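These are the residues of each chain, in order.
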Amino acid sequence: MGEPSSTDPENASTGGQAPLWKQMDFIRPVGLGSGDRPLCCPSEDSPHSTDSSKLVQKCLQQFMVTEAQLQQIQASLLGSMEQELMGRSSPAPTVRMLPTYVGSTPHGTEKGDFVVLELGATGASLRVLCVTLTGTEGQRVEPRSREFVIPSEVMLGPGQQLFDFAARCLAEFLEALPMGDRHLPLGFNFSFPCHQTGLDKSTLISWTKGFRCSGVEGQDVVQLLREAIERQGIPNLDVVAVVNDTVGTMMGCDPRLGPCEVGLVVDTGTNACYMEEVRHVAVLDEDRGRICISVEWGSFGDDEALGPVLTPFDKTLDQESLKPGAQRFEKMIGGLYLGELVRLALAHLAQCGLLFGGSTSPALMSQGSVTLEHMAAMEDPSAGRALAILESLGLSPRASDVELVQRVCEAVSTRAARLCAASLAAVLGRLQHSREQHTLQVSVATGGRVFEQRPRFLSILQETVKLLTPGCDVSFVPSVDGGGQGVAMVTAVAARLAAHRRLLAETLAPFQLDRAQLAAVQAQMREAMARGLRGEASSLRMLPTYVRATPDGSERGDFLALDLGGTNFRVLLVRVASDGVTISSQVYAIPEQVTQGSGQQLFDHIVDCIVDFQQRQGLSGQSLPLGFTFSFPCRQLGLDQGILLNWTKGFKASDCEGQDVVTLLREAIARRQAVELNVVAIVNDTVGTMMSCGYEDHRCEVGLIVGTGTNACYMEELQNVAAVPGESGHMCINMEWGAFGDDGVLDVPRTHFDALVDEASINPGKQRFEKLISGMYLGEIVRHILLHLNRLGVLFRGQQTQCLQTRDIFKTKFLSEIESDSLALRQVRAILEDLGLPLTSDDALVVREVCQVVSRRAAQLCGAGVAAVVEKIRDNRGLKEFTVTVGVDGTLYKLHPHFASLVAATVRELAPCCRVTFLQSEDGSGKGAALVTAVACRLAQTTRV
């Protein structure tokens, strides 16, 4: 069993890990040969009086990067990122843009104990941690950890040997913890290039950092670890997530400081990650939510992008590596290389006679002799260690040499910080574009030894990022042990999301209607229709409208129409000609004293408005047929007879309820002398919709309204209508299907949330079908579901939101807006935040899913009803196949982005022998009333003939 690496004397000077030069597994031990011409040295024929300061300045200027060059790198990297996101990059992309399958950042409520295994993050050692998360209220508990040295034979041996070693380390660590038999989730920090296909699925692409274990490349490392854990016999340990150190850095930020959506690591190597909109990641083929993308920018470095800023020192370092041309960008920034760049520059200046009296030493000429730690100490004059470090390299520096060495270190590190800033600016630009935000506020988590050992690196980075991204307000937050805390947080977030997903699925399951349930609704409606037509007790009233035919296209003439359904009403002139229908209309207000006064006063006002309209249209003295759309509950006794059952919508005119409203209108006309009006028909809006669409499509025999309320009508065989005598012909039946299920047959699709909405309504137990479908109620159903999920802790971090307690605050129009495919998640959040809901991205996705489930059920139930109607007509006519058009009106149907298609899909599934076309109505309440009148006139004329 390996011992903690702090006991290794060889590692003691570097904080428990191998010296930096020993980690440079792809740098060959080759120095500048004695025959090499020193870079930028004066030529042999140069005068020895050349100003040495100018030569030094010339050398240091090679590390200077201009603002224009930084902007070019920023633009080039951003272009490469976007090409790779779209799947359009070359077979060997300069950046990888790898999905990590981390779909959410922490919000502080995560709790529990989590085990973390780190492999590859700390060189030739392995670390095991137990991280305890205590949620928003608990005190932070320091992680317990242990580090194990990995023997060289394990690093270079068979893969199974490495993973068995890791499993033994896990077992030894867990034996010392008082965990008992509790189930423990494990996060695996595996810091090698991998192709990740899931949060717990990651295939090793290639080993780095001195590891060469056989049989692992091309394999899923999580599965290899699971098999080793099983061989070791460790119970109750579940590998939940595999994470790289960059993602761990981002996730390791304290969530109390706000959401952090960018991670930046500058350690041995360098990398970044950020939260991208899933819809922009072509390889995922999804459109919801966000996902963390690992940019893998260390490989960025084609000659076109980096050529202007590459120095001879960079080229020498690259050429002498085991993989020339690879990781070019990382070789200019990563801590594995900065010390080597300093060493090459110092050796060059010494060979030019500008340092150390022109003398070098074997150590100075040996690769890896100057480490990041050396460089950080020599750059800081206050440390006072530069002289000792140089002497340890076998050099004899003067005071001026120490100052020049400091300048070299500053030049190398400043360039690294500025290049890192340009690449980070590309990521921020991408984030700003994907979020469609004019000003981006974002936190960047930073981690790695370069940040830890060189505070100046961060200050230069901040200044340069501000210069390159003026539209971004960036906060830099040091990650809290990103490799440990962050990996534990990834695991905890995954566990939280899984638990929330289960609770959400359980909550929404009753809304998920299968084909059998929808077919049962269809059958129950067919039975209710039959009973209602026979005059038996039924929740469907199946009211005759006395409309006996739909338009056939031969209708001609001028018709008046009234549309009364609220405190404003319309008068219309509808001209039906061979070339179509033209409409002129005028809106009139009904004063409150009229709606609350006597019936005579109300109908006198209506007639006054009709007379005014006739005068405006030049129709005074003409007697035109008139259709009356009267959108209040009525019982029709004929085409021109409708008994008002009760006022709604704020009307309280006296002496009207129980009266024939057509008679009341005719009496008002009679009181207004010299006015002749021929009231032919009283119509409700559903019939008007069918007739309006029937003029455009003569196959239209069904009318459907799905707006604030819902209803349907259709053409029934007269012989089936018990309330009306006659055996031949047709009769339009007003189903009043909003009341379907009031007798209890709809209890199966009805949920606890529907019951809450029903109980709080003005008519409990009534209009049950309407309360599952129409716009008056869907928003309330969603509100009750959101309240429930909030109480479960699934939404809004479990914090109570006062606004959700307010009845009807969640409007049905929000469902249409939230489900719109054209709205990005940011806009969805803005809609909900306007309500006072403090949403995270996860919350926005949950709210959207709730809206989708509720509106989908509504559309499916509506489709089941339509299927019952069209199948009834088909059976009536004894047809094997039936083609019919449904005329539709209503804001929910017209404005919701998916409602119409879901209704149509349900009808296709439940009525496969019917070819149904849905046609949206234009002005069914006005034009439709006139066309009912026109058809009635046509039929009357035909009868006379």
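A short tour of the structure in this document, coming up. (Residues numbered from 1 in each chain as written. Predicted model: local features only at pLDDT ≥ 70, side-chain atom pairs only at ≥ 80, totals over all residues. Heavy atoms only, no water.)

With that settled, the discussion passes to the overall build of the protein. Across its full length, the protein carries 31 helices and 26 strands. Against the globule reference of 30 Å for 945 residues, the protein gives a C-alpha radius of gyration of 39 Å, more extended than a compact globule. Reported as C-alpha extents along the three principal axes, the dimensions of the protein are approximately 125 × 65 × 50 Å. When the 945 residues of the protein are sorted by exposure, 56% land in the buried category. Within the protein, residue pairs in contact and separated by at least 24 positions form 71% of the contacts whose partners lie at least 6 positions apart. Of the accessible surface of the protein, which amounts to about 38,200 Å², a share of 49% is contributed by carbon and sulfur atoms. Charge-centre separation for the protein: the mean point of 84 positive side chains lies 3 Å from the mean point of 109 negative side chains. (Helix = DSSP H or I, 4+ residues; strand = E, 2+ residues; numbered from the N terminus. Rg over C-alpha atoms; globule rule 2.2 N^0.38 Å. Buried < 20%, exposed > 50% of the residue type's maximum accessible area, 1.4 Å probe, protein only. Contact = heavy atoms within 4.5 Å. Areas by Shrake-Rupley, 256 points an atom, 1.4 Å probe, with all protein chains shown as cover. Lys, Arg positive; Asp, Glu negative; His and termini not counted. Charge placed at Lys NZ, Arg CZ, Asp CG, Glu CD.)

Strand order in this open sheet of six strands is β14-β24-β23-β22-β25-β26, and the pairing throughout is mixed. A strand with exactly one partner marks an edge of an open sheet, and here the two such strands are β14 (543-544) and β26 (914-920). Both strand β23 (residues 710-717) and strand β24 (residues 730-734) contribute to a ladder of five bridges, which runs antiparallel. Within β24, the residue paired with methionine 715 across the bridge is cysteine 732. (Pairing = 2+ DSSP bridges.)

Evaluated as defined, the whole model comprises 23 aromatic pairs. Aromatic side chains phenylalanine 630 and phenylalanine 632 sit 5.0 Å apart centroid to centroid with 50° between the ring planes, which places their arrangement in the tilted category. Pair check on accessibility: phenylalanine 630 and phenylalanine 632 agree, each one buried. Ring geometry for phenylalanine 632 versus phenylalanine 651: centroids 5.2 Å apart, planes at 65°, classification edge-to-face. Residue phenylalanine 632 is found in the loop between β18 (625-630) and β19 (634-638), and its partner phenylalanine 651 is found in the loop between β20 (641-644) and α21 (661-671); the two are separated by 19 residues along the sequence. The pair formed by phenylalanine 632 and phenylalanine 651 is uniform in burial state, with each residue classed as buried. (Phe/Tyr/Trp six-rings, centres within 6.5 Å; stacked < 30°, edge-to-face > 60°.)

Turning our attention to the sheet that holds strand β10 (residues 270-277). Spatially, six strands are ordered β1-β11-β10-β9-β12-β13 in an open sheet, and the strand pairing comes out mixed. Looking at which strands have only one partner, the edges of the open sheet turn out to be β1 (98-99) and β13 (472-478). As paired elements, β10 and strand β11 (residues 290-294) share five bridges and run antiparallel to each other. Bridging across to β11, glutamate 276 finds its partner in isoleucine 291. Across the sheet, helix α16 (residues 455-468) touches β9 (262-266) and β13, and the angle it forms with β13 is around 165°. (Axes fitted to C-alpha atoms, helices over the stretch in contact; angles between N-to-C directions.)

With 114 residues, the main nonpolar core has Tyr714, Met735, Trp737, Phe810, Val850 and Phe899 as its most contacted residues. For this core, the leading source of residues is helix α28 (residues 841-877), giving 17 residues. Met332, Leu355, Ala425 and Phe451 belong to the second-largest nonpolar core, a separate cluster that totals 93 residues. (Core = buried A, V, L, I, M, F, W, Y, C linked by side-chain atoms within 4.5 Å.)

Another point: the packing of helix α18 (residues 515-534) against helix α30 (residues 899-910). At a closest axis distance of 11 Å, the pairing of α18 and α30 adopts a crossing angle of 85°. Taken as axis vectors, α18 and α30 run roughly perpendicular relative to one another. Of the residues in α30, those in contact with Arg515, Leu518, Ala519 and Gln522 of α18 are Thr906, Glu909 and Leu910. Residue composition of the contact of α18 with α30, by class: three nonpolar, two polar and two charged. (Parallel < 35°, antiparallel > 145°, perpendicular 65-115°, else oblique. Nonpolar A, V, L, I, M, F, W, Y, C, P; charged D, E, K, R; others polar.)

Attention shifts here to the pattern of salt bridges. Across all of its chains, the model carries 50 salt bridges by this definition. Across the salt bridge formed by arginine 435 and glutamate 261, the nearest N and O atoms sit 2.9 Å from each other. With a gap of 174 residues between them, arginine 435 in helix α14 (residues 399-435) and glutamate 261 in the loop between α7 (245-251) and β9 connect regions that are remote in the sequence. Residue glutamate 261 is classed as buried on the basis of its relative accessible area, which comes to 15%. Via salt bridges that share partners, Glu261, Glu277, Arg279, Arg290 and Arg435 belong to a single interconnected network. (Salt bridge = Lys/Arg side-chain N within 4 Å of Asp/Glu carboxyl O.)

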